[in-house]
Amino acid sequence: MDLIRSFWRKHRKKILVTTTCLGSGYLLYKLYNAHTRSLADLERELAEERHNDAIIKTQMKAHFENIQMIADVTTLPHALRRLSSRIAEEIHVSGVMETLSKGKGTLVPSEKLYLWNELKILSFTRMVLSLWSVTMLSLYIRVQVNVLGRHLYIDTARGLTTSHLLEELDLIDREEEKKFLTSADYLATNGMPSLISDMKRAVKEVLKGKQLKDVLTTRTLEETVIRILDVFMSKGSPHHWVDYLMMAQDTTMSPRDTTTSVLSSDDVAVSKLHHLINETREVLTSTEFTNVAEISLKSCTVALVEEMEKQTGLAAGMQLAKLLPQIEKTIPEISAVPDENRFLQLIRDLPEVQLFFTLLYSNMPLQFTKLPN
């Protein structure tokens, strides 16, 4: 025992230092192992996240392409048929042309002049109205399907594994989804009377100084159409033209009470429809959409004038009176079915349009209203 005590007294410091070092080393070893395991776990999690992100991006790209196809193949053809029929019903150009044809030799000069001036206003109104309606309707429908498609995808992906298929879920009531998409018919059913009236007013303002004997060239016709569009778009309150495309915001669509009680399933469906409509309106009134619409209208105007130039030799100049029948022959091409419509293809291929809808679907700005959970 004395020997142990003597040994302890002589080597106490060394023993304490050695023990401390051994303990510290063991502790550091344990910490290092724990840190190594944490790093390994973190690397596995990051690898899984990257893998999942890649899957999600692939699925989103496929879903995005699918909803663009839905717009072109299903929604747009139906809306275009209704639109072209309604324009033909409301603007009776053929009746004026028939009266002029049958009245040759019997109409007094004042009557003939009146009818020709009426034909001038009606032909340009129908042409510019068709151009504006088809362009804006195609953009509007694409906004609709992108807004709806993005919400469906995000709501589906929220809390689900990637093994679930989008087709297996029905997060937004089918009836409400149908109501939202069929609202594209609003232009043909409700918005047309005021649209025709306002477009005709713009046409009269721009054409008031143009006589039937005036010679129009490719350039002057293009300038005239663009001027009519500018006058039309700039009249009234900012973004007044949105009211031709969709119903005004209706507060009665909101759920009856969102603060004092739990929403019923019907209220949730109505609330989602309300938010989809409001979000679509916010997109349409955004600066970005206005820019895309202006670029699309200008491009379609150039294409329209080029088409008339090929058919009439407009480059050399043509009297306005002789140009009017040619306008009528060209108008059906504006509202042709998507597969045969060069104007719709032109809009789809514009880089600005493609970028706008890619960003709308994949990275919608935060100021756009979000659907309730």
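Scroll up to find the structure.
Model, not experiment: these values are computed from the prediction.

Regarding its fold elements, the protein presents 12 helices and two strands. What you see in the protein, going N to C, is helices and strands ordered as α-α-α-α-α-β-α-α-α-α-β-α-α-α. Relative to its 373 residues, the protein shows a buried fraction of 41%. Taking contacts inside the protein between residues at least 6 apart in sequence as the whole, the part at least 24 apart equals 84%. Entry remark: accessible area of the protein is about 21100 Å², with carbon and sulfur atoms responsible for 56%.

All right, on to the packing of helix α9 (residues 287-312) against helix α12 (residues 351-362) then. It is at 9 Å that the axes of α9 and α12 come closest, and there the two elements cross at 155 degrees. Judged by the inter-axis angle, α9 sits roughly antiparallel to α12. Every pair of crossing elements has a handedness; the one defined by α9 and α12 is left-handed. Contacts from E288, F289, V292, I295 and S296 of α9 reach α12 at E352, V353 and F356. For the contact of α9 with α12, a count of residues per class yields five nonpolar, one polar and two charged.

Excluding glycine, most residues fall at negative phi; most peptide bonds, likewise, are trans. One non-glycine residue, H239, lies in the positive phi region at around 60 degrees. Taking the relative accessible area as the measure of exposure, H239 reaches 28% and is therefore partly exposed.

Right, let's talk about the nonpolar core for a bit. Among the nonpolar cores identified, the biggest contains 84 residues, and F124, M127, W132, V143, L221, W241 and F289 are the most heavily contacted of them. In terms of residue count, helix α3 (residues 109-157) provides more of this core than any other element does, 19 residues in total.

Right, let's get into the pattern of salt bridges. Tallied over the full model, the rule gives 10 salt bridges. With a shortest N-O distance of 2.7 Å, E98 and K102 are connected by a salt bridge. Here E98 and its partner K102 are both found in helix α2 (residues 93-102), four residues apart, which amounts to about one turn of the helix. Residue class for E98 comes out partly exposed when judged on its relative accessible area of 42%.

Looking now at the packing of aromatic side chains. Inspection of the entire model under this criterion finds six aromatic pairs. Here the aromatic rings of F356 and F357 are separated by 5.0 Å at their centres, their planes lie at 85 degrees, and the arrangement is edge-to-face. We note that F356, like F357, is buried. Taken together through their ring pairs, the aromatic side chains of W241, F289, F356 and F357 make up a single cluster. If you follow R342 out to its NZ or CZ, it ends over the ring of F343, 5.9 Å from the centre.

About the thresholds
- Residues numbered from 1 in each chain as written.
- Predicted model: local features only at pLDDT ≥ 70, side-chain atom pairs only at ≥ 80, totals over all residues.
- Heavy atoms only, no water.
- Helix = DSSP H or I, 4+ residues; strand = E, 2+ residues; numbered from the N terminus.
- Buried < 20%, exposed > 50% of the residue type's maximum accessible area, 1.4 Å probe, protein only.
- Contact = heavy atoms within 4.5 Å.
- Areas by Shrake-Rupley, 256 points an atom, 1.4 Å probe, with all protein chains shown as cover.
- Axes fitted to C-alpha atoms, helices over the stretch in contact; angles between N-to-C directions.
- Parallel < 35°, antiparallel > 145°, perpendicular 65-115°, else oblique.
- Left-handed = near helix turned anticlockwise from the far one by under 90°.
- Nonpolar A, V, L, I, M, F, W, Y, C, P; charged D, E, K, R; others polar.
- Core = buried A, V, L, I, M, F, W, Y, C linked by side-chain atoms within 4.5 Å.
- Salt bridge = Lys/Arg side-chain N within 4 Å of Asp/Glu carboxyl O.
- Phe/Tyr/Trp six-rings, centres within 6.5 Å; stacked < 30°, edge-to-face > 60°.
- Lys NZ or Arg CZ within 6 Å of the ring centre and 35° of its normal.

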